[in-house]
Amino acid sequence: MKLRLIISLLLLIATISSCKKWLEVEPESEISAPVLFSTENGFMEALNGIYNRCSETDLYGKELTFGTPEVLAQNYTMGYNEGLNYTPTSQYNYNDSKFIERKDKIWAGLYNAIVNANLILENIDKKKNIFTGVNYGLIKGEALALRAYLHFDLLRLFAPSYLRNASGKGVPYASAYTKDITSMSSVSEVIEKALTDLEAAKKLLAQDPIRSAGYLVNYPVITDTTTNTEERASIPFLQNRRHRLNYYAVCGELARVYLYKNDKTNALNNALEVINAKKFPWTTKADFNAFEEAKKDRILYKELVFAWYIPKSWYVPGPTEDIKENWFVTGTRGLYLNEDAAKSIYETSTGTIDLRFKNWLSITGVGAAKTYDIVKYNRNSQSDASTANLHYLMAPAIRLSELYYIAAECTYPADPQKAITYINTVRFQRDKEDLNVNSQEEFTTALIKECRKEWLGEGQLFYMYKRLNRAIIGQTGTTIPATDKILVLPLPQDEVVYGGR
């Protein structure tokens with residue numbers, strides 16, 4: 001199969017909204033690219049454009065965070081929410097027109113962003129002399145990391161898993177900015193190319209400000225520079241490094257990709273680099289449990305190693321993009337959990353009550369009609385001002401807890417007790433008692449349960465089922481078999497016509 005990058009020359013106009021003034025002067029992309037890449041600031045704006053594109057609702061601003069992958073993982077109850085058109089998706093009806101529209105937009109959107117990354121990489125070494133400080137390494141490193149990150153998610157959606165078919169057809173790995181068609185890479189080839197990009201990015205990001213002892217992670221409302229320095233840098237580009245694919249985020253993504261390849265040694269090493277850095281503090285139970293919305297940390301903000309900045313997914317003029325009013329609206333018109341499903345996922349019948357259950361779900365209705373609203377992304381008001389909320393609205397991408405889960409999975413064969421300690425470290429932070437398991441199968445089952453609790457509404461559980469070749473657990477305890485018919489999304493029709501699968 002060959003990817004037809006026919007949109008490449010239109011890309012800058014289509015996606016880099018932060019460059020509007022520049023576009024008004026030079027509207028033709030072939031002419032304008034040299035203008036954009038003539039200054040350090042131009043490269044920064046181009047890179048910001050990729051993050052902006054990825055944060056749109058067809059990608060990580062909605063669909064790839066709490067949309068399609070969550071529905072496929074059976075993490076929502078499907079009832080009267082037909083207005084969202086997810087019920088056929090929950091039934092794995094891949095011929096449904098709304099599903100086809102969504103997954104085709106995902107494919108096109110991810111490659112759109114990849115081409116932007118390649119455009120930066122095509123030009124940056126030619127202009128190396130224009131950069132100051134550490135900016136060359138940051139920009140090139142992030143562009144490489146983005147290219148790998150986006151290809152890896154394409155692979156996890158549209159190709160068989162490494163475990164099932166490493167030599168099978170993966171996705172095209174577009175590693176150059178060109179009008180030429182890009183041939184299909186196998187699953188293992190995509191993984192190796194992603195690892196090459198990520199390892200190169202890690203080296204380039206060695207001087208990332210987030211690695212310095214003086215870079216302190218905290219809430220944006222904290223102005224005390226003895227406890228928070230994330231917005232202290234002189235230019236916005238160097239601030240809020242957790243909103244970008246920073247050094248530790250690259251370590252986290254490396255841990256993910258190595259684990260997908262079943263290279264547990266390298267996965268563990270990268271996971272431990274994040275854990276041992278002690279850069280990301282656990283959210284206090286007081287912040288998680290806070291009664292006042294303005295003082296409440298629903299998404300465990302300080303624990304986010306990387307996240308997409310999505311304030312406009314909370315509110316833009318008109319009703320179409322509002323998370324609360326469209327996707328997690330109270331009752332059964334949106335995405336929700338029925339009472340049995342909510343209590344089953346969070347195992348409320350045993351032990352202490354999980355803080356995630358208490359703070360991410362809100363009961364509504366009475367009697368047999370009880371349901372749980374998902375309030376994980378609720379805001380204090382239709383504003384992202386620091387005075388209104390404890391933290392910015394973010395779509396979690398890589399969590400500290402995920403690195404503990406990866407460390408646990410990689411450690412269990414050699415040291416089961418240490419592996420369980422990694423899981424229990426996270427459970428303690430969520431107010432749960434220690435876990436005890438006695439076999440590899442019990443451990444894997446327990447780990448999947450823990451990830452389901454932690455990743456509700458974050459789009460990661462489907463990939464875990466696929467990586468491990470495990471049956472998907474339905475809302476009522478039924479299982480959906482781990483087959484490529486279920487786990488591999490169909491390619492866009494025009495890609496099938498031009499290349500075949």
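Here is a short report on the structure shown in this document.

**Observations concerning the overall build of the chain**
The secondary structure content of the chain amounts to 23 helices and 10 strands. Taking all 501 residues of the chain together, the buried fraction comes to 59%. A separation of at least 24 residues holds for 69% of the contacts in the chain among residues at least 6 apart in sequence. A total of about 19,400 Å² of accessible surface is found on the chain, and carbon and sulfur atoms cover 52% of it.

**Side note on the pattern of salt bridges**
For the structure on display, the rule yields 38 salt bridges. The salt bridge involving Arg 242 is made with Glu 230; its shortest N-O contact spans 3.0 Å. Placement of Arg 242 in the loop between helix H11 (187-204) and helix H12 (247-260) and of Glu 230 in the loop between H11 and H12 is noted, with a sequence separation of 12 residues between them. Note on accessibility: Arg 242 and Glu 230 belong to one class, buried. For Arg 399, the salt bridge goes to Glu 458, with nearest N and O atoms at 2.8 Å. Taken together, the positions of Arg 399 in strand E8 (residues 394-399) and Glu 458 in the loop between helix H20 (440-454) and helix H21 (461-468) put the pair 59 residues apart, joining distant regions of the chain. Summarising the burial analysis for this pair, Arg 399 and Glu 458 share the class buried. Linked through salt bridges whose partners overlap, the residues forming this network are Glu 303, Glu 347, Asp 354, Arg 356, Arg 427, Arg 430, Lys 432, Glu 433, Lys 449, Glu 450, Lys 453 and Glu 454.

**Focus on the pairing of strand E7 (residues 371-374)**
Judged by which residues are buried, E7 turns out to be covered on both faces: Thr 371 and Asp 373 on one side and Tyr 372 and Ile 374 on the other are all buried. Pairing between strand E5 (residues 336-338) and E7: three bridges, direction antiparallel. Pairing of Tyr 336 across the sheet is with Asp 373, part of E7. For strand E6 (residues 361-364) and E7, the ladder comprises four bridges, and the chain directions are antiparallel. Within E7, the position partnered with Thr 364 by the bridge is Thr 371.

**Points about helix H4 (residues 40-54)**
The terminal C-alpha atoms of H4, which comprises 15 residues, lie 22 Å apart, in line with the 21 Å expected from a rise of 1.5 Å per residue. With 11 of 15 residues buried, H4 is to be regarded as a mostly interior element. Residues of H4 that are buried: Glu 40, Gly 42, Phe 43, Met 44, Ala 46, Leu 47, Gly 49, Ile 50, Tyr 51, Arg 53 and Cys 54.

**Digging into helix H8 (residues 97-124)**
With 28 residues, H8 ought to run about 40 Å at 1.5 Å a step, and its terminal C-alpha atoms sit 41 Å apart, in line with that. Of all 28 residues in H8, 20 are buried, a share of seventy percent or more. The residue sitting at the N-terminus of H8 and contributing the capping side-chain oxygen is Asp 96; that oxygen lies 3.3 Å from the backbone nitrogen of Lys 98.

**Topic: the environment of Gln 460**
When you line up the elements, Gln 460 lands in the loop between H20 and H21. Classification of Gln 460 as buried rests on a relative accessible area of 8%. Each C-alpha atom of the pair Gln 460 and Leu 64 lies 8.8 Å from the other, and the pair is 396 residues apart in sequence.

**Concerning the packing of aromatic side chains**
Within this structure, the stated rule accounts for 31 aromatic pairs. Taking 5.9 Å as the distance between ring centres and 70° as the angle between the ring planes, the aromatic pair formed by Tyr 60 and Tyr 149 counts as edge-to-face. Residue Tyr 60 is located in the loop between H4 and helix H5 (63-66), and its partner Tyr 149 is located in helix H9 (residues 135-158); the two are separated by 89 residues in the primary sequence. Feature note: the residues Tyr 51, Tyr 60, Tyr 149, Phe 306 and Trp 308 constitute an aromatic cluster, connected by ring pairs. The ring of Phe 428 carries Lys 285 above its face, with NZ or CZ at 4.3 Å from the centroid. It is Lys 376 that lies over the ring of Trp 360; its NZ or CZ is 3.7 Å from the centre.

**Some words on the sheet that holds E7**
Spatial strand order, E5-E7-E6: three strands in an open sheet with antiparallel pairing. Each edge of the open sheet carries a strand with a single partner, namely E5 and E6. Averaged over all pairs of adjacent strands, the angle between strand axes in this sheet comes to 30°, irrespective of strand direction.

**Brief notes about the packing of H4 against H9**
Where H4 meets H9, the closest approach of the two axes is 11 Å, and the angle between their N-to-C directions is 25°. Between H4 and H9, the interaxial angle falls into the category roughly parallel. Along this stretch, H4 crosses H9, giving a crossing that reads as left-handed. Between H4 and H9, the residues in contact are Glu 40, Phe 43, Met 44, Leu 47, Ile 50, Tyr 51 and Cys 54 and Asn 135, Ile 139, Glu 142, Ala 143, Leu 146 and Leu 150, respectively.

**A short note on the side chain of Glu 303**
By secondary structure assignment, the location of Glu 303 is in the loop between helix H14 (285-289) and strand E4 (304-309). The class of Glu 303 is buried, set by a relative accessible area of 0%. Beyond its immediate sequence surroundings of up to four residues, Glu 303 is in contact with Arg 242, Pro 281, Trp 282, Thr 283, Ile 398, Arg 399, Leu 400, Arg 430 and Glu 454.

**A closer look at the side chain of Gln 460**
For Gln 460, the side chain forms a polar contact with the side chain of Arg 156, separated by 3.4 Å. Sequence-distant contacts of Gln 460, that is, excluding residues within four places in its chain, are made with Glu 70, Arg 156, Arg 256, Ala 397 and Trp 455.

**Concerning the environment of Met 394**
Mapped onto the secondary structure, Met 394 falls in strand E8. Given a relative accessible area of 1%, Met 394 falls into the buried group.

**A few points about unusual backbone geometry**
Non-glycine residue Glu 347 carries a positive phi angle of around 45°. The exposure class of Glu 347 is partly exposed, given its relative accessible area of 25%. Non-glycine residue Asp 431 carries a positive phi angle of around 70°. Along the chain, the position of Asp 431 falls in the loop between helix H19 (416-429) and H20. Residue class for Asp 431 comes out partly exposed when judged on its relative accessible area of 32%.

About the criteria used
- Residues numbered from 1 in each chain as written.
- Predicted model: local features only at pLDDT ≥ 70, side-chain atom pairs only at ≥ 80, totals over all residues.
- Heavy atoms only, no water.
- Helix = DSSP H or I, 4+ residues; strand = E, 2+ residues; numbered from the N terminus.
- Buried < 20%, exposed > 50% of the residue type's maximum accessible area, 1.4 Å probe, protein only.
- Contact = heavy atoms within 4.5 Å.
- Areas by Shrake-Rupley, 256 points an atom, 1.4 Å probe, with all protein chains shown as cover.
- Salt bridge = Lys/Arg side-chain N within 4 Å of Asp/Glu carboxyl O.
- Pairing = 2+ DSSP bridges.
- Expected span 1.5 Å × (residues − 1).
- Polar contact = N/O pair within 3.5 Å; in protein donor to acceptor, adjacent residues only side chain to side chain.
- Phe/Tyr/Trp six-rings, centres within 6.5 Å; stacked < 30°, edge-to-face > 60°.
- Lys NZ or Arg CZ within 6 Å of the ring centre and 35° of its normal.
- Axes fitted to C-alpha atoms, helices over the stretch in contact; angles between N-to-C directions.
- Parallel < 35°, antiparallel > 145°, perpendicular 65-115°, else oblique.
- Left-handed = near helix turned anticlockwise from the far one by under 90°.

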